Amino acid sequence: MASYPSVSLFFPAWNEEDYVERAVSRALEVLPGLTDDFEIIVVDDASTDRTWEVCEELARKVPQLRVIHHPVNLKLGGAMRTGLAASTKDIVVYSDVDLPWDMRELERALHLMAYLEADMICAFRFDRTSEGARRIVYSYVYNLLIRSLFDIQIKDVNFSFKVMQRRVLESMELHSQGSFIDAELVVKAIRQGFRVFQMGVDYFPRTRGVSTLASPSVIATMVRELVALYPKLRSPEPPVHPVRLPPSVQQLHTVSPGHAARGSAHG
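Residues numbered from 1 in each chain as written. Predicted model: local features only at pLDDT ≥ 70, side-chain atom pairs only at ≥ 80, totals over all residues. Heavy atoms only, no water.

A. How the structure looks around helix 5 (residues 133-150). Given a rise of 1.5 Å per residue, 18 residues ought to cover 26 Å, and the 26 Å separating the end C-alpha atoms of helix 5 matches this to within 8%. Remark: D151 follows helix 5 within two positions and exhibits a positive phi of approximately 55 degrees. (Helix = DSSP H or I, 4+ residues; strand = E, 2+ residues; numbered from the N terminus. Expected span 1.5 Å × (residues − 1).)

B. Here's a closer look at a nonpolar patch on the surface. A cluster of nonpolar side chains, contributed by V137, Y138, Y140, V141 and L144, occupies part of the molecular surface with about 480 Å² of accessible area. Assignment of secondary structure puts L144 in helix 5. With relative accessibility at 37%, the residue L144 sits in the partly exposed group. (Patch = residues over 30% accessible without salt bridge, like charges linked within 9 Å, V, L, I, M, F, W, Y side chains within 5 Å. Areas by Shrake-Rupley, 256 points an atom, 1.4 Å probe, with all protein chains shown as cover. Salt bridge = Lys/Arg side-chain N within 4 Å of Asp/Glu carboxyl O. Buried < 20%, exposed > 50% of the residue type's maximum accessible area, 1.4 Å probe, protein only.)

C. Structural detail: the pattern of salt bridges. Summed over all chains, the structure comprises nine salt bridges. Note that K61 is salt-bridged to E57, the shortest N-O span being 3.5 Å. Of this pair, K61 and E57 both sit in helix 2 (residues 51-61), four residues apart, roughly one helical turn. Relative accessible area serves as the criterion here: at 37%, E57 is assigned to the partly exposed category.

D. Geometry of unusual backbone geometry. A positive phi is found at N15, a non-glycine position, where the angle reads about 55 degrees. Residue placement: N15 occurs in the loop between strand 1 (7-13) and helix 1 (20-30). Located in the positive-phi region is L99, a residue other than glycine, with phi close to 50 degrees. Inspection of the secondary structure assignment puts L99 in the loop between strand 4 (91-95) and helix 4 (105-115). For L99, a relative accessible area of 4% puts it in the buried group.

E. Region of interest: the environment of V93. When you line up the elements, V93 lands in strand 4. Looking at V93, the relative accessible area reads 0%, which means it is buried. The spacing of V93 and V163 is 70 residues in sequence and 4.5 Å in space, taken between C-alpha atoms. Setting aside anything within four residues of it in sequence, one finds V93 in contact with V7, S8, L9, F10, L106, F161, K162 and V163. (Contact = heavy atoms within 4.5 Å.)

What follows is the structure, given as structure tokens:
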């Protein structure tokens, strides 16, 4: 077994009865081969289908699984904040429950985190053509906007494959209720001097259910939260030093060791 640190893997879930069992099963196939200390957390965000019942049944069979139920829907931001707060291990991994990436990529992410002494690994999708033209355009414009407004080098800020050291989460308070929370998390980590890298992975679109991430209401919420949080997020940028890495592994920013604000209590 590889000697990786303890791992918390959490899935936010809203009306995902078709995916929950598959996600937990895939996690149980991979995590025991990486560490002997792990937990799986599913945050049921007030689902109206059988997601909660499926999760309860799984929890009776899987001792490493914890299920948290929201009585009121708190959207992606609320579900992510719950999952991050509930995670107890050294490394925290966030993924959508429909598994848009191969769970086996987690080993590569953990290896890169150790080898590069990274605080956060953010994945980006190699190929998104299966999503359709509208989703591709929305994503391109949004990522371009985030890069321009916050001067960060990032390809795919909202992709749901992020691996973080616990100290990153302990250093900040997240406020977003909607899908802007991904950008808030990454921007704050970079602004505080953490070492953030991104790596490319193959993308697997959902084959069941309907994604709501490109709906007008979700996009409107993201824009409102961006405007509201922009003054707090837009702070002086740490110095950037170029680094040569393979094409599929790109660092967002590098800072000198003395500049990193590890363990601080900034919000």
